[in-house]
Amino acid sequence: MTGAEIYNVIKGSIADEIGLSKGDIILKCNGHEIDDELSMRFYFAAEEVELEVICGGEREIIEIENPDLEDLGVEFESALLGKAKSCKNKCIFCFIDQLPKGMRKPLYFKDDDSRLSYLTGNYVTLTNITDKEIDKIIEMHLEPINISVHTTEPDLRVFMLKNPKAADLLKYMEKLKEGKIHMNCQIVLVRGVNDGEHLEKTIETLSGFYPYVTSVSAVPMGMTKFRDGLFEATPYDKESSREVLEAVSKWQEKLLGKMGTRFIYAADEFFLNAGIDIPCDEYYEGYYQIENGVGLIRSMEVEFEDALSKAPNGEREVTLITGVAAYGSMSRLAKMAMERYPEIKIQVECIKNEFFGEKITVAGLIVGEDIINQLRDRKIYKNVLIPSVMLKHESDLFLDDTTVSDIEKELGCEIGVTDCTGYDLWEKIIK
């Protein structure tokens, strides 16, 4: 049976007043089948609502007057009412294919569900989307949609994603544009494959979708040490990173004059690899792509410097744990704080990624085992801070299933978690 089974009814809500309860099933709302929470909320937002439900095993039609467009007041066990759509690609740069065996099962699931793009900000390839789903996005005006583009050349995209449907990208993007749906796009660059003239062609094509393509990020492929049998990729070095930045800069200058926006941004990692300073705050135009590591370092520094106006109440000793990529930036922040407030002592510890391999330098992929092994014999302060990206969402679990408590026990410290903003970092330092 299709439909949405109610997991919880909010007390005092419309659902509560009309007698719906846990276990009842909503089949249709105003004639539309309910296949996820988004559908329920969208179709219920009407002055007159007809629900087709199964209550106590009996099918019923319930008519509701809803002049204030209130929410029905039901909760489902999952917003998607089931498992997310899985990815049908075999991308040559896929990070999940580079995970070692023996990790927890959910880490190996590859989602590629357009609903998660709207709900959680995930990037989708549009290779397993249907025309009906595109129509639904447009009808409900679900935006922005985050799209993993990688290249706009059909044959090259098919090669990179190993899926013939990858060639249909621009067809779907045109339809989203016609429906006035805004998009953010991501290009994962594989050295020697989709960079160079291919990158420039992709930028040019995507700029034609402006303003409905709001921004584009270019990020380097992540490479772990577990690549046996996979595509033979070469990591970006100083020279090749500079070449990417030169191409991006050329298009930024052209598009800034033409459209009033730089439009395309390279990830911080390219600047770090190239030995080039991270650009100023204004360069990032609101940090549209910060979740992709674009401008994260500059944003953190700007926020932290502003937060320093709040003075500490007394002495404080704190150890900050970070990865190789952010170590220089975090060290600068620590120095800035200690120069202004001598009563504050901040120690920054850089953790090398031995679990995935030292080519992985971002803090978000550091595991608990590496923290324990590398800090066990070092003198650290009692108070330790880690960024939230190291942990599973809303939990204290690292990627290797080590917990925050495990580290506290092994290192004899107390761990606090920051939300990766400069403001929260300073607040946790002086707390």
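How each quantity is defined
- Residues numbered from 1 in each chain as written.
- Predicted model: local features only at pLDDT ≥ 70, side-chain atom pairs only at ≥ 80, totals over all residues.
- Heavy atoms only, no water.
- Helix = DSSP H or I, 4+ residues; strand = E, 2+ residues; numbered from the N terminus.
- Buried < 20%, exposed > 50% of the residue type's maximum accessible area, 1.4 Å probe, protein only.
- Contact = heavy atoms within 4.5 Å.
- Pairing = 2+ DSSP bridges.
- Axes fitted to C-alpha atoms, helices over the stretch in contact; angles between N-to-C directions.
- 1 Å grid on protein atoms, 1.4 Å probe; cavity = no way out; pocket = protein on both sides within 12 Å on 5 of 7 lines; lining within 4 Å.
- Points joined across faces, edges and corners; volume = space filled by probe spheres on them.
- Lys, Arg positive; Asp, Glu negative; His and termini not counted.
- Salt bridge = Lys/Arg side-chain N within 4 Å of Asp/Glu carboxyl O.
- Polar contact = N/O pair within 3.5 Å; in protein donor to acceptor, adjacent residues only side chain to side chain.
- Phe/Tyr/Trp six-rings, centres within 6.5 Å; stacked < 30°, edge-to-face > 60°.
- Lys NZ or Arg CZ within 6 Å of the ring centre and 35° of its normal.
- Core = buried A, V, L, I, M, F, W, Y, C linked by side-chain atoms within 4.5 Å.

Along the chain, the regular secondary structure elements total 14 helices and 15 strands. Dimensions of the chain along its principal axes, counting C-alpha atoms only, are 70 × 50 × 45 Å. Per-residue burial for the chain yields a buried fraction of 51% across its 431 residues. Across the chain, contacts joining residues at least 24 apart in sequence account for 70% of those joining residues at least 6 apart.

Right, let's talk about the sheet that holds strand E12 (residues 316–323) for a bit. Sheet architecture is open: 4 strands sit in the order E13-E12-E14-E15, paired in parallel fashion. Only two strands of the sheet have a single partner each, and these edge strands are strand E13 (344–351) and strand E15 (414–418). On average, adjacent strands in this sheet sit at an angle of 30° to one another, irrespective of strand direction. Note: E12 against strand E14 (residues 383–387), 3 bridges, orientation parallel. The residue of E14 that forms the bridge with Thr-319 is Val-384. On top of the sheet, helix H14 (residues 422–430) reaches E12, E13, E14 and E15; it is set at about 140° to E12, its chief contact.

On to the layout of surface pockets, then. For the second largest pocket, the calculated volume is near 490 Å³. Around the second largest pocket, the lining is made up of 23 residues, and of these Asp-35, Asp-36, Ser-39, Lys-132 and Lys-136 lie nearest the centre. Going through the elements one at a time, strand E4 (32–33), helix H2 (37–44), helix H3 (114–120) and helix H4 (131–140) are the ones with two or more residues in the lining of the second largest pocket. Sorting elements by how many residues they give to the lining of the second largest pocket places H4 first, with 7 residues.

Now for the side chain of Asp-195. By secondary structure assignment, the location of Asp-195 is in the loop between strand E9 (183–189) and helix H7 (197–207). Comment: no salt bridge for buried Asp-195; closest opposite-charge side chain is Arg-191, at 5.9 Å. Within the local environment of Asp-195, its side chain forms a polar contact with the side chain of Tyr-236, the two groups lying 2.8 Å apart. If sequence neighbours within four positions are ignored, Asp-195 has contacts with Leu-189, Val-190 and Tyr-236.

All chains considered together, the criterion is met by 12 aromatic pairs. Geometrically, the ring pair formed by Phe-42 and Tyr-43 is edge-to-face, given 5.2 Å between the ring centres and 80° between the ring planes. Taken together, the aromatic side chains of Tyr-265, Tyr-283, Tyr-284 and Tyr-287 make up a single cluster linked through ring pairs. The cationic tip of Lys-22 hangs over the ring face of Tyr-7; the distance from NZ or CZ to the ring centre is 4.8 Å. The residue whose ring lies beneath Lys-254 is Trp-251, and the NZ or CZ to ring-centre distance is 4.0 Å.

Moving on: the nonpolar core. Of all hydrophobic cores here, the largest spans 87 residues; its most connected members are Ile-26, Leu-51, Leu-72, Ile-147 and Met-173. With 7 residues, helix H8 (residues 238–259) is the largest single contributor of residues to this core. With residues near it in sequence (within four places) discarded, Ile-147 still touches Tyr-123, Val-124, Leu-126, Leu-169, Met-173, Leu-176, Met-183, Asn-184, Cys-185 and Gln-186. In this structure, Val-318, Ile-346, Leu-425 and Trp-426 belong to the second largest nonpolar core, which totals 19 residues.

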